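A structural walkthrough
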Amino acid sequence: MKDFFGKDASVLKNKKLFLFDMDGTIYRENDLFDGVIELLAKIKEKGGRYAFITNNPSKSVIDYVKKLKKLGITNATEEDFFTSAQATVLLLKERFGDKLIYAQGTKSFIKGIKKGGLNITEKYTENAAAILVSFDTELTAKKMRVSCEMLTKNDIPYYATNPDWVCPVSFGSIPDCGSMCVGYEYATGKKPIFIGKPESLMVFAVMDKFSVKKEETVVIGDRLYTDVAAGVNAGVDTICVLSGEATLEDLENSDIKPTFVLNSVKDIVL
Ligand SMILES: [Mg+2]
C-alpha cells in the first residue's frame, strides 16, 4: 500500500501494536468513521493488538467502553484503553506516593484517579504536595476560583493532564485543557507540566503492557502536536490521518513529521 503522498507503507503489514487516537481518528463525537470495525477485526485476525490512547481524561475507561459499544465496536473491553487519566495516576503515584494532591476535573476523572490510588482533595488546602488540573467538561466559576487560589497561594508542582487546545465536537470545537491552562496562567502566572501526548509516557506504558517492540508499534492520530509528536518522541512509526484536525497545510508548516499520511484509517491495508 501507498500513503497519501505515494510513499510505500507496506511496513504497516508487520506491525503488532496499533495505538489509535479516538476523537477525529476513529470517530467524531457520535459518528464512527467508515472502515474502523473492519480494520480492528483485521488487526485481531492477524494476531496483532490495538489500544485506544486518548488525551481526554474527562471520561473513565468504563465510559469509553460504553461509548465504543454504542458506536458499533461491540467487543470493546477495558483492556483496550489507555487514557491520560491512567498516565496521570502512574506518574503522580511514582512522584508523590500517598501525599495529598489537589485535583480539578470531572466527577468521573476524580473517581478514577482516587480508585487508581491517588490521595485527592478538591477543596482548597495548604497541605497538598501537588496541583493537578484536567480537561473539565463540568467546569464552573467556583472550581476555577479554587484552582486559581491553590496556584496563587501554594508554591508546589503543578501538573495538567493534556495540552490540547481544543476538543472536537459536532459543530466545531470547545476549549480543552491547554486553553484552560492558558487562562490560569494569565490569572496566576503559573504554567503546568503536561502529562498526556505528546509525552511518550502513554506509548511506552502500552508497549510494556503488551511486550511489543518499538519497530512493531505504530501510533495513529489526527493531530500533529499531540498524537504524532507522542509517537515521534517514543521513537515509533506514526500515521497522520486527515479525518480530524490536521490539514495538508499544517503538515507542510509543522516541524513534526509523521512517517505516513492517510486520508483516514479506512486507507490502512494490512
Ligand atoms: Mg484526535
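Residues numbered from 1 in each chain as written. Predicted model: local features only at pLDDT ≥ 70, side-chain atom pairs only at ≥ 80, totals over all residues. Heavy atoms only, no water.

In this structure, the amide linkage connecting Lys 197 to the following residue, Pro 198, adopts the cis form with an omega of 15°. In this structure, Pro 198 sits in the loop between strand E12 (193-194) and helix H7 (201-209). Phi is positive for Glu 29, close to 50°, though the residue is something other than glycine. For Glu 29, the position within the fold is in the loop between strand E2 (27-28) and strand E3 (31-32). (Helix = DSSP H or I, 4+ residues; strand = E, 2+ residues; numbered from the N terminus.)

What follows is about helix H8 (residues 224-234). With eight of its eleven residues buried, H8 lies for the most part within the structure. Within H8, burial applies to Leu 224, Thr 226, Asp 227, Val 228, Ala 229, Ala 230, Gly 231 and Ala 234. Following H8 by one or two positions, Gly 235 adopts a phi angle in the positive range, close to 80°. (Buried < 20%, exposed > 50% of the residue type's maximum accessible area, 1.4 Å probe, protein only.)

Here the focus is the sheet that holds strand E14 (residues 237-241). Strand order in the open sheet formed by six strands is E5-E4-E1-E13-E14-E15, with parallel pairing between adjacent strands. The strands lining the two open edges of the sheet, one partner per strand, are strand E5 (81-83) and strand E15 (260-262). For this sheet, the mean inter-axis angle between neighbouring strands, taken without regard to orientation, is 25°. Looking at chain direction, E14 and E15 are connected through three bridges and run parallel. Counted as the bridge partner of Val 241 is Leu 262 from E15. Against the sheet, helix H1 (residues 36-45) contacts strand E1 (17-20) and strand E4 (49-54), and its axis sits at roughly 135° relative to E4. Together, E4 and E5 form the strand contacts of helix H2 (residues 61-71), whose direction differs from that of E5 by roughly 130°. (Pairing = 2+ DSSP bridges. Axes fitted to C-alpha atoms, helices over the stretch in contact; angles between N-to-C directions. Contact = heavy atoms within 4.5 Å.)

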